[in-house]
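Understanding the architecture of this molecule
Spelled out, the chains give:
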Amino acid sequence: MIRWLIAFLFFVPILNAQSQRKKLPSISYQNLIQCYPELKDPKFEFGVELPMLKKAIDQKYPSVKSTLRYRKILFTDPKLGTERHRLTISLQKWVKGQAQYDYYLEKLDKDNIGEMLAREEKFKNPLREAPEKFLLNATLVEDESLLVDTKPNELELSYKTSNDSVVELDLSQSNGKVQLKCDSKKTQGVLCLCLKR
């Protein structure tokens, strides 16, 4: 009997210490399920990864339409000199339901201040033709895009990619009542906020 009592007194503190060490779900995960409980998934419980979250959102709400808002490409090209250059392709307007894009080519100084270069070419499709023209034999430094996906049930997903990795994500209802904003911070990891109005 005394052995059982000693064993009990020995193991109870160990069990208590183990139960106290159980990790709590991350704040980002709590905000995720507060905004969109249907996206609850144990793989996000202790850390949200934006590429995986975007994939989960796309599976739950397939995109009806996807629109590129802008793409900025920093690059170097020996044909253009030693300076870095920036090619920007941006949405200008909608014409009969079709997105119309324009492009800008800049030469950057050491402080990343751009000087607009004259444009000789007129591209019918800047999304495809401008990168093909300016990036042939170039070395890419950074490639950033902002896209907006229209989803069913009046949902909209906007997300920013940097070198093909998702770095920001915003899932919101069109009436603006519920909005999930996630941002990848270099030192803190992914931070998600749930905004309800």
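Details of the structure are given in the entry above.
The structure presented is a predicted model; accordingly, all values stated were derived computationally and were not measured.

Some thoughts on the sheet that holds strand β7 (residues 165-173)
Taken together, 9 strands build an open sheet; the order of strands is β4-β3-β2-β1-β5-β6-β7-β8-β9 and the sheet is antiparallel. Looking at strand neighbours, the two that pair on one side only are β4 (114-116) and β9 (189-196), the edges of this open sheet. Between one strand axis and the next, the sheet turns through 20 degrees on average, direction left out of account. Pairing geometry for strand β8 (residues 178-185) and β9, over 8 bridges, is antiparallel. Residue pairing in the sheet places K185 in a bridge with G189 of β9. Each of β8 and β9 is contacted by helix α2 (residues 27-35), which is oriented at about 30 degrees to β9, the strand it contacts most. Relative to strand β2 (residues 84-95), helix α4 (residues 126-135) is tilted by about 165 degrees, and along the sheet it contacts β1 (65-76), β2, β3 (98-108) and β5 (139-151).

Description of the pattern of salt bridges
Summed over all chains, the structure comprises 11 salt bridges. For R71, the salt bridge identified is with D143, shortest N-O distance 2.7 Å. Of the two residues, R71 sits in strand β1 while D143 sits in strand β5, which places them 72 residues apart along the sequence. For K160, the salt bridge goes to E168, with nearest N and O atoms at 3.5 Å. Residue class for K160 comes out buried when judged on its relative accessible area of 18%. Its relative accessible area of 31% is what places E168 among the partly exposed residues. Three or more residues joined by partner-sharing salt bridges are found here, namely K54, D58 and K151.

Some remarks on the environment of K196
If you trace the backbone, K196 turns up in strand β9. Separated by 16 residues in the primary sequence, K196 and L180 have C-alpha atoms spaced 8.8 Å apart. Polar contacts involving the side chain of K196 include one to the main-chain carbonyl oxygen of Q34, which spans 3.0 Å.

Section: the packing of aromatic side chains
Going through the model one piece at a time under the given rule, you end up with 3 aromatic pairs. Ring geometry for Y103 against F134: centres 6.0 Å apart, planes inclined by 40 degrees, an arrangement best described as tilted. Placement of Y103 in strand β3 and of F134 in helix α4 is noted, with a sequence separation of 31 residues between them. Among the aromatic side chains, those forming a connected cluster through ring pairs are Y103, F123 and F134. Its guanidinium or amino end placed over the ring of Y70, K72 lies 5.3 Å from that ring's centre, counting from NZ or CZ.

Focus on the pairing of β5
Inspection of the sheet shows β1 paired to β5 by 11 bridges, in the antiparallel sense. Opposite R71, over in β5, you have S145 as the bridge partner. Of the pairings in the sheet, the one linking β5 to strand β6 (residues 155-162) comprises 8 bridges and is antiparallel in character. From the neighbouring strand, D149 faces β6, where its bridge partner is L157. Taking the residues between adjacent antiparallel strands as the criterion, β5 and β6 are bridged by 3 residues, where N153 takes a positive phi near 60 degrees.

The rules behind these values
- Residues numbered from 1 in each chain as written.
- Predicted model: local features only at pLDDT ≥ 70, side-chain atom pairs only at ≥ 80, totals over all residues.
- Heavy atoms only, no water.
- Pairing = 2+ DSSP bridges.
- Helix = DSSP H or I, 4+ residues; strand = E, 2+ residues; numbered from the N terminus.
- Axes fitted to C-alpha atoms, helices over the stretch in contact; angles between N-to-C directions.
- Contact = heavy atoms within 4.5 Å.
- Salt bridge = Lys/Arg side-chain N within 4 Å of Asp/Glu carboxyl O.
- Buried < 20%, exposed > 50% of the residue type's maximum accessible area, 1.4 Å probe, protein only.
- Polar contact = N/O pair within 3.5 Å; in protein donor to acceptor, adjacent residues only side chain to side chain.
- Phe/Tyr/Trp six-rings, centres within 6.5 Å; stacked < 30°, edge-to-face > 60°.
- Lys NZ or Arg CZ within 6 Å of the ring centre and 35° of its normal.

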